[in-house]
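Analysis of the macromolecular model
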Amino acid sequence: MILRFDLMTGRPPRVACSALAVALAAVVAFTPAGAQTQADSRDGADPVDIRVVGLLDPEGLLPDQTVPKSESAIAAAFITKQAPTLNAFQLVNLLPGATVASSDPYGLSTSSSLTLRGLGQDEIGVTMEGAPQNDIGYYYAYPSQFADTENLQRIALAQGAVDIASPTLGGAGGSLSLWLDDPSAAPRGLVDLSIGSYAARRGFVRLDSGRIGQTGLRAFVSYSNTRANNWRGAGHDTRQHVDAKLLGEWGNGNRASLALSFNDANSSTYRSPTLAEWRAQGRDFNFDARYSAGNTNYWRLYRAPFRNLYASAPVHLALGAGVTLDSTSYLQFGYGNSPYGTQLGTTGNFLGIEPLADPIALPGAVDGVATVLGNYTGDQRRVGTVNTLTIERGIHRLTAGLWFDHGIDRVVQSYTAVGADGAPADRWGYRAKAIRTADGRLLAYENQRTVTVTKAAFLADHVTLTPRLAVDIGFKGVNVLRSGRNYLPGPQDSVRLDSFAALPRAAVHYEIDDRQQLFANITTNFRTPNEFTLYDSYAGGALVSAGTTALKNEYAVSQELGYRYIGTALSASVTGFHYDFRNRQLATVINSGGALVNSTLNAGGQSSYGIDAEIDYRPARGVSVYVSGEYLRARISDDLPVGDDYLPTRGRHAVSSPTVQVGGGGTYDDGRFFGSVAVKYVGRQYATFVNDESIKGYATLDLSVGVHLASMLDGKRTDLRLNAINVTDPRVLAGVQSVSTNARDVIGRGGTLIAGSAPTYYVGSGAAVMATISRGL
């Protein structure tokens, strides 16, 4: 089980509401009646379909690029051939450097991870419609919350350098960017109905307004409802989702939009075994299907409900004379619980370091002990804006910008009664219904509130030295201020951490000819420790872990050198890269009072280098063949301090960093029949810093086949497709959930016996088949 709660709720500060209101007003006020862009004219010709899918998108899986960095992308034509439940992480699995460990074939569970070039998802900046999606306190992003795939126009994966204006922290691992479809210029609709393995069923409907009166505005709204049984063990997942977008375009490239994405889900957590547990039980290592008195392993105690809303309002204004302004205001809020089963006594309890003299009331207690639901609730709200002014003068394109972000994270670990049938009295863990002390205080193992304020300024210059040679230089200064309260009785009351980083960068791009390019870049990144490290932890009335502000910021310097070929039938890219880390912060999962929560280890220095490559071959119209690969050499640079001694980790393989991975696939679409194939091999992954435990390499295979029926019916889009996920059904461990310093006892450099602890792993998902019929309205 992993606690993942980038869920944000509460009343947003007035400044954010104002920013969104300004953006919405811009959509309405600055769009002349009847305004029509070139794209509008294109879209208006056919009122039947939402997007053209009859032929393979000419970009294939390697769209034309001119940016001086490594970047891969997938477009709607590929996305529409995949199972509609797949999340964004699963969709980019074929791209070079991407390693996806998914415990669920349908992408509904939170038990999944993405690494890029061996760097975890807390190192990857994720944006949707220009707004950040990463958790503000722990840097994770949770793809099951993102937009429905039918609404995605494009997903881009930058394996290395992140755009200077990107409103993200911790982007050393690259960036994942999602864009929604623009609403159609003509009224349209789409209905998808899907059924699949494990009693999966899904319905999706989208309606496009077309142009709204004489305003020139257009909009779409969609709704989906998904339910599927767990493929492994007892339980099921449910997900309801709404996406919407309002767009106005006018003048010479001006546009303003408001995008909304709401998610309401109750997701299962799959048990993650140690290597010994996997060898003993394999896929039978699950939560219990039936409840018995005192059972804390019952599946209903491990379902994570959450609701969240993302809103983004990007605006692009052409101010004339080579001056443009880009502004994106955003807000996020939500609430969620990542629960677990535990037992609690009526006596012998503590609140922080304070012993509770009076017994607490526990429904269903037997001999003073009751099974309860341990809640780990996240209550977040976040607002921000990033504004960029661009001025073109002669050979210079100057960019200057500001980013402001304000987030509040309320974390409480409380307890809720469990009925005689094992059902929690309240799965949400609302504090109003949680167990309280005899004097009415909330009984909590953890109780804190953190405010994070991020301010950044950046300046860059793109200099076109010759028609074929351009140089970029830039600088970004970022300040992150965390301040918080620990509400538990104890020595700690408030916390504060103020960090600043200076982040220079440079890049060069050279066009050898009209088809060939060379590029190189050097980029710096930093990241403050996550908020968990700031707070004291208590158990049994004693301080078991002291919060600290002494942990140093992670700082990374990365370089890329690449070659790119863009042809009519063949495109290719190869990139060499190198990373050098100081105070490498490594995401892991730790046990906090029974809850498994995201945390960070300081792994010292790390050096990585390798090669990414990809080829897209389009031998005929509607046919594309794609191959990608990566070689990665990631090594720990320092011995790791443990207590008063050091673990012998210098020169060892970095964890979760496969040396080799290879992906391959193809798509076919002749206007009547279509299909796709995707194969991925991931090499061995180490799970400990001393490399005394690892999981072997594995391969997966996905297939899809389908038929366009429009010409056989009434001319309206009607597609029928069958997706087979993880066809070979390999019984493997797909990735490392929680790393450890050493799995077995090790003698340190100073002669101390350092006890080992077992890492845990994601169990690779089983095979699944899903059939989908899509009908245009």
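Conventions and cut-offs
- Counting from 1, residues in each chain are numbered in the order their sequence is written.
- Per-residue local features are limited, in this predicted model, to residues with pLDDT of at least 70; the limit for side-chain atom pairs, both in listing and counting, is 80 or more; totals at the level of whole chains, interfaces and linings are taken over all residues.
- Just so you know, side-chain values use all the structure's heavy atoms and leave hydrogens and water out.
- Helix and strand definitions follow DSSP, with helices as H or I runs of at least four residues and strands as E runs of at least two, each counted in order from the N terminus.
- Residue burial is assigned from relative accessible area. The probe radius is 1.4 Å, only protein chains are included, and a residue is buried under 20% of its type maximum, exposed over 50%, and partly exposed in between.
- Whether two residues are in contact is decided by their heavy atoms, any of which lying within 4.5 Å being enough.
- The protein chains shown are the only cover counted for residues, whose accessible areas, like all others here, come from Shrake-Rupley with a 1.4 Å probe.
- Note on aromatic pairs: the rings of Phe, Tyr and Trp (six-membered ring only in Trp) are paired at centre separations within 6.5 Å, and the planes decide the class, stacked below 30 degrees, edge-to-face beyond 60, tilted for the rest.
- When the NZ atom of lysine or the CZ atom of arginine is within 6 Å of a ring's centre and also within 35 degrees of its normal, the charge is said to sit over that ring.
- Here a patch means residues that are over 30% exposed by relative accessible area and free of salt bridges, tied together within 9 Å if like-charged and within 5 Å if nonpolar (Val, Leu, Ile, Met, Phe, Trp, Tyr).
- What counts as a salt bridge is simple: a side-chain nitrogen of Lys or Arg found within 4 Å of a carboxyl oxygen of Asp or Glu.
- Residues enter a nonpolar core if they are buried and are Ala, Val, Leu, Ile, Met, Phe, Trp, Tyr or Cys, with the set joined through side-chain atoms within 4.5 Å.
- A pair of strands is labelled paired if DSSP reports no fewer than 2 bridges between them.
- Across the chain, each position has a pLDDT score giving the predictor's confidence in that residue, from 0 to 100.

Take the overall build of the protein chain next. Along the protein chain, the regular secondary structure elements total five helices and 44 strands. Within the protein chain, the fraction of its 777 residues that count as buried is 60%. Sequence-distant contacts, at least 24 apart, represent 71% of the contacts inside the protein chain between residues at least 6 apart. Summed over its atoms, the accessible surface of the protein chain is roughly 28,500 Å², and 58% of this surface lies on carbon and sulfur atoms.

So, on to unusual backbone geometry. Phi at A321 takes a positive value of approximately 55°, unusual for a residue other than glycine. Relative to the assigned elements, A321 resides in the loop between β13 (303-320) and β14 (323-337). For A321, a relative accessible area of 64% gives the class exposed. Of note, D367 is a non-glycine position whose phi angle comes to about 55°, a positive value.

On to the environment of R381. Among the secondary structure elements, R381 is positioned in strand β18 (residues 369-393). Take R381: its relative accessible area is 24%, and that puts it in the partly exposed class.

To continue, consider the packing of aromatic side chains. Within the structure shown, the criterion is met by 10 aromatic pairs. Between F287 and Y302 the ring centres are 4.0 Å apart and the planes differ by 15°, which places this aromatic pair in the stacked class. Residue F287 is found in the loop between α5 (275-281) and β13, and its partner Y302 is found in the loop between α5 and β13; the two are separated by 15 residues along the sequence. Here F287 matches Y302 in class, with each residue buried. The ring centre of F577 lies 4.1 Å from the NZ or CZ of R117, which sits over that ring. R271 extends its terminal NZ or CZ atom over the ring of F285, reaching a point 3.9 Å from the ring centre.

On the surface, L570, V574, Y609, I611, I615, Y617, V625, V627, Y631, V660, V662 and Y681 cluster together to form a nonpolar patch covering roughly 980 Å² of accessible area. Mapped onto the nonpolar patch, the elements with two or more residues apiece are β27 (570-582), β30 (606-617), β31 (623-636) and β34 (660-669). Ranked by the residues each element gives to the nonpolar patch, the list is headed by β30, at four residues. Tracing the sequence through the fold places V625 in strand β31.

This part covers the nonpolar core. I74, Y106, I155, L176 and L178 are the most contacted members of the largest nonpolar core, which totals 37 residues. For this core, the elements supplying multiple residues, two or more each, are α3 (76-79), α4 (88-91), β2 (98-102), β3 (112-116), β4 (125-128), β6 (152-158), β7 (175-180) and β44 (768-776). Grouped together as the second largest cluster of nonpolar side chains are 26 residues, L301, V372, Y415 and A444 included.

Glancing now at the sheet that holds β7. With mixed pairing, the five strands of this open sheet are ordered in space as β1-β6-β7-β4-β5. Strand pairing shows two members of the sheet lacking a second neighbour, β1 (72-75) and β5 (131-132), which therefore form its edges. As paired elements, β4 and β7 share four bridges and run parallel to each other. Each residue of the ladder has a partner; that of M128, found in β7, is L178.

This part covers the pairing of strand β38 (residues 698-708). Here strand β35 (residues 673-682) runs beside β38; their pairing, made up of 10 bridges, is antiparallel. In the strand pairing of β38, A678 is matched with D702. Of the pairings in the sheet, the one linking β38 to strand β39 (residues 718-725) comprises six bridges and is antiparallel in character. Residue pairing in the sheet places S704 in a bridge with N723 of β39.

Position of V372 relative to the elements: it lies in strand β18. For V372 and G341, which are 31 residues apart along the polypeptide, the C-alpha to C-alpha distance reads 6.2 Å. In this structure, V372 is in contact with Y340, G341, T342, L344, L362, Y415, T416, V418 and I435, ignoring residues within four places of it in sequence.

Of all residues in the protein chain, 90% have pLDDT values of 70 or greater, and the mean over the chain is 88. Note that pLDDT drops below 50 for residues 1-59; the model gives that stretch 195 contacts with residues more than four away or on any other chain.

Before going further, it helps to spend a moment on the environment of V679. Position of V679 relative to the elements: it lies in strand β35. The spatial distance from the C-alpha of V679 to the C-alpha of G665 is 6.0 Å, given a sequence separation of 14 residues. Beyond its immediate chain neighbours, meaning those up to four positions away, V679 contacts L94, V662, G663, G664, T700 and L701.

All told, the structure shown has 30 salt bridges when counted by the stated rule. With a closest N to O distance of 2.7 Å, R206 and D208 form a salt bridge. Both residues of the pair, R206 and D208, belong to the buried class. E249 is the salt-bridge partner of R255, the closest N and O atoms lying 3.0 Å from each other. Residue E249 is classed as buried on the basis of its relative accessible area of 10%. Several salt bridges share partner residues, and in doing so they unite E129, D182, R218, K245, E249 and R255 into one network.

This part covers the pairing of β35. Sheet analysis places β34 next to β35, joined by nine bridges and oriented antiparallel. The residue of β35 that forms the bridge with G663 is K680. Hairpin connection of β34 to β35: three residues between the antiparallel strands, including G671 at a positive phi of 95°.

Bringing the side chain of T399 into the picture now. Structurally, T399 is set in strand β19 (residues 396-417). Sequence-distant contacts of T399, that is, excluding residues within four places in its chain, are made with T388, L389, T390, F458, L459 and A460.

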